[in-house]
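Structural features, examined
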Amino acid sequence: MTATDTSESFQIPMEAAEFYESAFVPAFFAQWAPILCDAAGVAPGQSVLDVACGTGIVARTAADRVAPGGTVTGVDLNEAMLTVARRVRPDITWRQGEAAALPFPDESFDAVLCQMALMFFPDRVEAVHEMRRVLTPHGTIAVIVPGRLDAQPAFAPFVDMAARHAGPEAISLLTAYFVCGDLDQLANLLGSAGLRVTSATTQLGTYRAPSVDAFVTTEVESTPLVDRISDHVYGRIRQDAREALRPFTTPDGAVVAPFECNIVTAQRPISS
Ligand SMILES: C[S@@+](CC[C@H](N)C(=O)[O-])C[C@H]1O[C@@H](n2cnc3c(N)ncnc32)[C@H](O)[C@@H]1O
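The mixed open sheet is built from seven strands, whose spatial order is β3-β2-β1-β4-β5-β7-β6. Edge positions in the sheet fall to β3 (93–96) and β6 (196–209), since each of these pairs with one other strand and no more. Within the sheet, the average angular offset between the axes of one strand and its neighbour, ignoring direction, is 20 degrees. Packed on one face of the sheet, helix α9 (residues 212–221) meets β6 and β7 (255–267) and runs near 130 degrees to β6.

Shown next as structure tokens:
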């Protein structure tokens with residue numbers, strides 16, 4: 001999993017965006033896009049917004065469902081991600097923008113989707129207010145984020161092991177992905193923006209990496225941890241990851257692990 005999008009370095013190079021699309025989207029992100037579109041009831045003729053669209057897997061999935069007559073827009077902070085999105089699907093509208101200041105008029109979208117990004121927003125409360133602002137009165141918001149770290153059977157022991165070598169500071173750097181993992185808190189976040197939560201569920205998916213080394217490289221090098229540990233410590237994390245991830249390592253050396261996500265859907269209150 002990549003955290004290419006920490007607020008410290010959200011503008012990533014083109015190669016990283018291309019790698020995200022060719023490696024991480026098929027290995028992890030693509031599986032959730034139909035689930036999110038189902039949760040929001042994306043249907044023909046609708047106008048859909050994909051917030052923090054990355055290279056656009058959710059927007060592409062939604063575009064296939066809103067035809068005929070519908071429209072899809074993807075918005076992201078990161079120009080490199082948007083460049084890849086435009087190359088893959090030039091027929092979709094792609095806009096650069098911040099989730100907490102969406103560059104769209106009020107009540108413009110029947111569905112507002114946000115996949116695997118809310119946990120990175122510096123101002124999550126404002127971002128949810130913005131999602132509500134751009135939603136049509138009868139529209140639906142659907143948000144998906146990784147679940148709790150302690151519910152992730154591969155990531156939890158990996159983070160424990162890395163923290164033993166790199167110190168407790170490593171925990172916050174390696175766990176940025178899981179900070180919205182509490183389902184009740186996530187539902188409350190949407191509720192506190194004046195939305196009516198219509199469902200809050202946990203779903204099990206799969207995280208895949210081609211090898212234990214690839215898993216470690218992604219987890220360490222897509223966070224600032226890589227600049228804060230010595231080569232020796234990095235080597236020990238790499239070495240001990242073989243043991244920590246053994247239950248999830250296939251005979252051909254790939255890592256295939258269960259991965260839990262939280263999905264919340266919400267609408268505007270009946271009267272608003
Ligand atoms: C892990 S990627 C997920 C991308 C996409 N939703 C997917 O499922 O493949 C997180 C995305 O959030 C974007 N992002 C992070 N903070 C943002 C913000 N404040 N406003 C808009 N986009 C943001 C990043 O640029 C990145 O493309």
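A few words on the nonpolar core. Ranked by size, the top nonpolar core spans 95 residues in total, and within it V51, L113, L118, F121 and F158 carry the most contacts. Per element, the largest residue contribution to this core is seven residues, and it comes from β7. The residues contacting L113, other than those within four sequence positions of it, are L36, C37, A40, V42, V48, L49, D50, V51, V58, A62 and A142.

Okay, the pairing of strand β5 (residues 135–146) next. If a strand is regular, its side chains alternate between the two faces of the sheet. Of all the twelve residues making up β5, ten are buried; the element is thus mostly covered by neighbouring parts of the structure. Taken together, strand β4 (residues 109–115), helix α5 (residues 124–133) and β5 form a β-α-β motif whose crossover is right-handed. Alignment of β5 against β7, held across seven bridges, turns out to be antiparallel. Directly across from V145, in β7, lies its bridge partner N262.

Tallying each qualifying case throughout the model produces 15 salt bridges. In this structure, E21 engages R60 in a salt bridge whose closest nitrogen and oxygen atoms are separated by 2.9 Å. Taken together, the residues span a long stretch of sequence, with E21 in helix α1 (residues 14–29) and R60 in helix α3 (residues 57–66) at a distance of 39 residues. Note on accessibility: E21 and R60 belong to one class, buried. Within this structure, D64, R89 and D91 form a network of salt bridges that share partners.

So, about the packing of aromatic side chains. In this structure the tally under the stated criterion is 18 aromatic pairs. Ring geometry for F104 versus F109: centroids 5.2 Å apart, planes at 90 degrees, classification edge-to-face. On the accessibility criterion, F109 (5% relative accessible area) is buried.

An α-helix turns once per 3.6 residues; consequently, residues spaced three or four apart project the same way. For α9, the complete set of buried residues consists of V212, F215, V216, T218, E219 and V220. Residues of α9 that are buried sit in contact with α1, α6 (155–166), α7 (169–174), β6, α10 (231–244) and β7.

Thresholds, definitions, all that
- Residues numbered from 1 in each chain as written.
- Predicted model: local features only at pLDDT ≥ 70, side-chain atom pairs only at ≥ 80, totals over all residues.
- Heavy atoms only, no water.
- Pairing = 2+ DSSP bridges.
- Helix = DSSP H or I, 4+ residues; strand = E, 2+ residues; numbered from the N terminus.
- Axes fitted to C-alpha atoms, helices over the stretch in contact; angles between N-to-C directions.
- Contact = heavy atoms within 4.5 Å.
- Core = buried A, V, L, I, M, F, W, Y, C linked by side-chain atoms within 4.5 Å.
- Buried < 20%, exposed > 50% of the residue type's maximum accessible area, 1.4 Å probe, protein only.
- Right-handed = clockwise from strand over helix to strand, strands pointing away.
- Salt bridge = Lys/Arg side-chain N within 4 Å of Asp/Glu carboxyl O.
- Phe/Tyr/Trp six-rings, centres within 6.5 Å; stacked < 30°, edge-to-face > 60°.

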